[in-house]
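Structure assessment
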Amino acid sequence: MKLPAGPPFTLRAQLLTPLGGGGHQFESDARITVDRQGRLASVERWPGEPLAGMEPAASSEPALDIRPLTVMPGMVDLHVHLPQTPSAGLGYGLDLLTWLGRYVFPREQAFDVATARSLAPQVFRAMARAGTTTAVVYGAIWAPSLDAAFEAAERHGIRAVIGKVMMDELTYDDGLPRERILETSLRQSAELCEKWDGRDAGRLRYAFTPRFALSCSAEMLRESAALAQSFGAYWQTPISEDKAEVAQVRQRFPEARDYLDVYDRAGALGERTILAHAIHLSDGEIARLIESGSRIAHCPASNLFLASGVMPLARYLAEGAVVGLGSDVAGGPDLSMLGQARLGAYAQNALRAAGGGSAELVDALGWLRLATLGGADALGLASVLGSVEVGKEADLIAVDGSLAVPPGGSEVDDPLELAGRLIFRSHPEMVVGAWVRGRLLPA
Ligand code: GUN
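Every value quoted in this text rests on a predicted model; they were computed, and no experiment measured them. (Residues numbered from 1 in each chain as written. Predicted model: local features only at pLDDT ≥ 70, side-chain atom pairs only at ≥ 80, totals over all residues. Heavy atoms only, no water.)

1. Side note on the overall build of the protein
- Assigned secondary structure in the protein consists of 14 helices and 17 strands.
- Rg of the C-alpha trace for the protein: 21 Å, near the compact-globule value of 22 Å for 443 residues, within the 12% margin.
- Expressed as lengths along the three principal axes of its C-alpha atoms, the size of the protein is roughly 65 × 50 × 40 Å.
- Counting all 443 residues of the protein, 59% fall into the buried class.
- Long-range contacts, defined as pairs at least 24 residues apart, comprise 75% of the intrachain contacts of the protein with a sequence gap of at least 6.
- Counting every atom, the protein has about 16,500 Å² of accessible surface; 51% of that belongs to carbon and sulfur. (Helix = DSSP H or I, 4+ residues; strand = E, 2+ residues; numbered from the N terminus. Rg over C-alpha atoms; globule rule 2.2 N^0.38 Å. Buried < 20%, exposed > 50% of the residue type's maximum accessible area, 1.4 Å probe, protein only. Contact = heavy atoms within 4.5 Å. Areas by Shrake-Rupley, 256 points an atom, 1.4 Å probe, with all protein chains shown as cover.)

2. Comments concerning the site of the ligand
- Within the structure, the ligand sits among H81, Q84, L96, W99, L100, R211, F212, P238, E241, H277 and D328.
- Q84 places a polar side-chain atom, nitrogen or oxygen, 2.8 Å from an oxygen atom of the ligand.
- Between the ligand and D328, the relevant distance is 2.7 Å, taken from a nitrogen atom to a side-chain nitrogen or oxygen of the residue.
- The protein chains hide 100% of the 280 Å² of surface that the ligand would expose on its own.
- Assessed atom by atom at 2 Å from the grid points, the ligand resides in the largest cavity.
- Per-element tally for the shell around the ligand: the top contributor is helix α1 (residues 96-109), with 3 residues.
- Each residue belonging to the shell around the ligand can be placed in one class, and the counts come to 5 nonpolar, 3 polar and 3 charged. (Near = heavy atom within 4 Å. Polar contact = N/O pair within 3.5 Å; in protein donor to acceptor, adjacent residues only side chain to side chain. 1 Å grid on protein atoms, 1.4 Å probe; cavity = no way out; pocket = protein on both sides within 12 Å on 5 of 7 lines; lining within 4 Å. Sits in = over half its atoms within 2 Å of the grid points. Nonpolar A, V, L, I, M, F, W, Y, C, P; charged D, E, K, R; others polar.)

3. Quick notes on the layout of surface pockets
- Taken as a whole, the largest pocket holds about 290 Å³ of empty space.
- A130, D334, L335, S336 and P428 are the residues nearest the centre of the largest pocket, which is lined by 14 residues in total.
- Within the residue set of the lining of the largest pocket, elements represented by two or more residues are α2 (113-130) and α12 (337-353).
- With 3 residues, α2 is the single largest residue contributor to the lining of the largest pocket.
- Partitioned by chemical class, the residues of the lining of the largest pocket number 8 nonpolar, 3 polar and 3 charged. (Points joined across faces, edges and corners; volume = space filled by probe spheres on them.)

4. Details of the pattern of salt bridges
- The full count for this structure, using the stated rule, is 25 salt bridges.
- Of the charged contacts in the structure, one is a salt bridge between E393 and R159, with a shortest N-O distance of 2.8 Å. One end of the pair, E393, is in the loop between α13 (364-378) and β15 (396-399); the other, R159, is in strand β8 (residues 159-163), with 234 residues separating them in the sequence.
- Close ionic contact of D261 with R257 constitutes a salt bridge, the shortest N to O distance being 3.6 Å.
- Because the salt bridges share partners, they merge into one network encompassing R39, R159, D200, R203, E393, D395 and R437. (Salt bridge = Lys/Arg side-chain N within 4 Å of Asp/Glu carboxyl O.)

5. Structural notes on the environment of S292
- Within the fold, S292 resides in helix α9 (residues 283-292).
- For S292, a relative accessible area of 14% corresponds to the buried category.
- Separated by 23 residues in sequence, S292 and L269 place their C-alpha atoms 6.0 Å apart.
- S292 has contacts with L269, G270 and E271, leaving out every residue within four places of it along the chain.

6. With respect to α2
- For α2, which comprises 18 residues, the first-to-last C-alpha distance of 25 Å matches the rise-based estimate of 26 Å (1.5 Å per residue) to within 8%.
- Helix geometry: α2 is bent most strongly at L119, by close to 25°, with proline P121 lying one to four residues after it.
- Along α2, the residues classified as buried are A116, L119, A120, V123, F124, A126, M127, A128 and A130.
- Check the buried side of α2 and you find it contacts β6 (75-81), β7 (132-138), α3 (143-156), β8 and β16 (431-436).
- Looking at the residues trailing α2, positive phi occurs at G131, about 95°. (Expected span 1.5 Å × (residues − 1). Bend = angle between axes of the 7 residues up to and from the residue.)

7. Observations concerning the packing of aromatic side chains
- Under the defined criterion, the tally for this structure stands at 11 aromatic pairs.
- Taken together, a centroid distance of 6.1 Å and an interplanar angle of 25° make the contact between F150 and Y206 stacked. Placement of the pair is F150 in helix α3 and Y206 in strand β10 (residues 204-210), with a sequence separation of 56 residues. Taken individually, F150 and Y206 each receive the classification buried, so the pair is uniform in this respect.
- Joined through ring pairs, the aromatic side chains of F150, W196, Y206, F208 and F231 make up one cluster.
- Across from the ring centre of W196, 4.3 Å away, lies the NZ or CZ of R199, which sits over that ring. (Phe/Tyr/Trp six-rings, centres within 6.5 Å; stacked < 30°, edge-to-face > 60°. Lys NZ or Arg CZ within 6 Å of the ring centre and 35° of its normal.)

8. Looking at the environment of F105
- Summarising the element assignment, F105 is placed in helix α1.
- Look at F105 and you get buried, because its relative accessible area is 13%.
- A C-alpha to C-alpha distance of 39 Å links F105 and G6, two positions 99 residues apart in sequence.
- Ignoring anything within four residues of it in the chain, the contact list for F105 reads L100, M167, L170, Y172 and R211.

The values are spatial; any link to function lies outside them.
In structure tokens form, the structure reads like this:
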């Protein structure tokens, strides 16, 4: 099926979207109009009746009928490592710290400009094929490879937050004397931020990206957080992923109350901070993380692949945490956010079956919300993307739900059942188009 390559356009399709005000909207026959600027101008029940709380159509554009495809918001991958993608699926059975040494650091060390130029366009296309329209990306430590990653994202059209990994301890940088690593990493990160943050009217953003507490001095954490604040950029890092890691952090930072306190003392917590994994947090850490407004990137596939643990998602949500989903490739083997939702849902069931987690279960629509609006909210962009609502930028996907129908089954027209089918029977070819600001992404 030929899909519109750029705005303006109007689609006639099935619609499934979370709503910013809560709940969701499902229409088996909807009219979705994207204006010249790539914004959603109208979202209506076919042939033109405005949905509850939405404006009437501004355009009489002829509609392209793509039924039975379902239009949904593009998905947000809140945590993914670009240089690691070739290692996806490798190293099962290893714990985090062994796996980092064996599969990750050598791969990142070799991530030069030529490798980045060749890999980044392939990865962004693979993301589009999986339905990811926004990616929050860790690079390697080499600044020129970050320029290559940004250039590839700029050309491809995906929305991306990207950062150079910062490490002045436990690092693979053997080219510089130790005393110069800190200064160089801070300076290069600031230069990259200055150059790329806000490019293309905010489609590209920068994240200061310390690798994790074990790879950073207190000064690196503090100075990177101060830079992020002064630029108004993001600050991202993992926290409390693996029990051995947590124990080592306790030894490395004896003055800190706990793992979160290492970042708190650095002045790094806040609404532009995205903390990945967050599995083994104490009650006090959970309360402080939420109070600080910091965001959580939940990476269920990676947490299972590396046997890191099961994050108590339902509890975090009940306590008011802002959570999105991350593939954490290559910790997670797969770029698909529907795949994250599926494994996350299974993990939460296992947690309940084991007697942990009494908070309300996240249902299939809740998982779709986490993969879309949850990620947008985590980035402070819930008013811009994450749902198919008038006024937002048209970051959309079109999904072929027929590929999720089992032998002998039939298409479902209940939104909760549809969400369940898309998540639990997702298919690699299911996403047939992905747009950012109404521009079709190469896939
Ligand atoms: N902690 C520090 N670095 C990494 C990484 O690359 N992947 C994962 N999963 N955890 C980390």
